[in-house]
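Notes for the structure review
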Amino acid sequence: MAELKRFLIRRLLTFIPTLIGVTFVVFLIANVIPADPARAWAGGEKASPEAIQRIKEEYHLDDPWYVQYFFLISKIIQNDIRSPFTHNKILDDLIFGTKQKGGTGSTYGRFFVSLQLALIGFTYVVLIGIPLGIISALKRNTIIDNIVRVMALIGVSTPVFWLGYLLIYILYVRAGVINIAGMPEPSQKITGIMVLDALLLGEHKIAWQIINRLATPAFVLGFISIGIVARVTRNSFLDSWNADFIEYCKARGLRKAKLVWHALKNASIPIITILGMQFAFLLGNAPITETVFAIPGLGRYLLESIKNFDYPALIGGILLFATTYMLINLIVDIIYAIIDPRIRY
């Protein structure tokens, strides 16, 4: 346990230089692009010189690059800087929500919309990918194994946008069983996860509307990961299934369900590794899915920031995403130590 604590401290200490490196690269790319951000933020070619100068002073655009970078990062962390296009504070857009007293805006930040989408997609990955991998391993070199492997290959090879538009045509245009407009919200934010908040508040109709809105895009988002997890689970489970301890368990007369459980437990480290990577992949791959299904999440927010040259909002979004990615990896490392006490850091 002491070794794990030291490892966690070392990992946490690496967070700061990693975040600085990631955000600095984005800042550097934004600064080398041959464009005038002050003019773009002030309204384009028709912007008055006074408005342009005011924006330059507000965002320190005439200062040296290191002053600009420190100003942006410090103000984003303090939530004391506004997006030039949404005119909301950046962390309000991303995390805290922009709902005003008059009722306009959203109670939920863009990040929580993407997180909810990724969680539902991750549920598909776990409930479909792992069982398919186990079935494929147990039926090795049979027609079932071949079908699962082909399905996994199709999942990995299918473009997300193509599958998204295909399902929209089938389920929305033809069947009319899904909704692709708006984003229902419960009356009060509790956990930040809209479905869970609606259930806790007893607003079951709202919860169903949210699930109906996100179920299809979440499946599209997780489709590639289902194939990847199925393949990794199959290979890892096969290695464990063919190990000597399984033969010993068979000799003792253990039921097949017990054998499968022991094999899966011993094959869990590679599976957990790929699951952690795929959850981060789901968050990172969200921009395409959110754009296709018009979901107001973090991915779509970042794309809009790039399109509008809103690099303060872009850096804020990247900072949040990078922090989440590193936390996911840290959680996976902790789970390693819980599942297999032999692992030392």
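What counts and what doesn't
- Residues numbered from 1 in each chain as written.
- Predicted model: local features only at pLDDT ≥ 70, side-chain atom pairs only at ≥ 80, totals over all residues.
- Heavy atoms only, no water.
- Phe/Tyr/Trp six-rings, centres within 6.5 Å; stacked < 30°, edge-to-face > 60°.
- Helix = DSSP H or I, 4+ residues; strand = E, 2+ residues; numbered from the N terminus.
- Buried < 20%, exposed > 50% of the residue type's maximum accessible area, 1.4 Å probe, protein only.
- Lys NZ or Arg CZ within 6 Å of the ring centre and 35° of its normal.
- Core = buried A, V, L, I, M, F, W, Y, C linked by side-chain atoms within 4.5 Å.
- Contact = heavy atoms within 4.5 Å.

**Here we look at the packing of aromatic side chains**
Using the criterion set out here, one finds 15 aromatic pairs in the structure. Here the aromatic rings of tryptophan 41 and tyrosine 311 are separated by 5.5 Å at their centres, their planes lie at 50°, and the arrangement is tilted. Within this pair, whereas tryptophan 41 is found in helix α2 (residues 37-42), its partner tyrosine 311 is found in helix α16 (residues 311-339), the two being separated by 270 residues in sequence. Both residues of the pair, tryptophan 41 and tyrosine 311, count as buried. Between phenylalanine 321 and tyrosine 325, the aromatic rings sit 6.4 Å apart at their centres with planes inclined by 40°, giving tilted as the arrangement. Here tyrosine 325 and phenylalanine 321 lie together in helix α16, a separation of four residues that amounts to about one turn. Here phenylalanine 321 falls in the partly exposed class, since its relative accessible area comes to 24%. With a relative accessible area of 36%, tyrosine 325 lands in the partly exposed category. The ring of tyrosine 108 is capped by lysine 189, whose NZ or CZ atom sits 5.9 Å from the centre of that ring.

**Quick look at the environment of glutamate 45**
Structurally, glutamate 45 can be placed in the loop between α2 and α3 (49-58). Residues glutamate 45 and isoleucine 90, 45 residues apart in the sequence, show an inter-C-alpha distance of 25 Å.

**Some words on the nonpolar core**
Across soluble globular proteins, you tend to see nonpolar side chains buried next to one another. Counting residues in each nonpolar core, the largest one holds 65 residues, and the members touching the most others are Tyr311 and Ile315. Residue contacts for isoleucine 315: discarding those within four places in its chain leaves Thr23, Val26, Phe27, Leu72, Ile73 and Ile76. Ile226, Ile246, Cys249 and Ala267 belong to the second-largest nonpolar core, a separate cluster that totals 18 residues.

These figures capture arrangement, not role.
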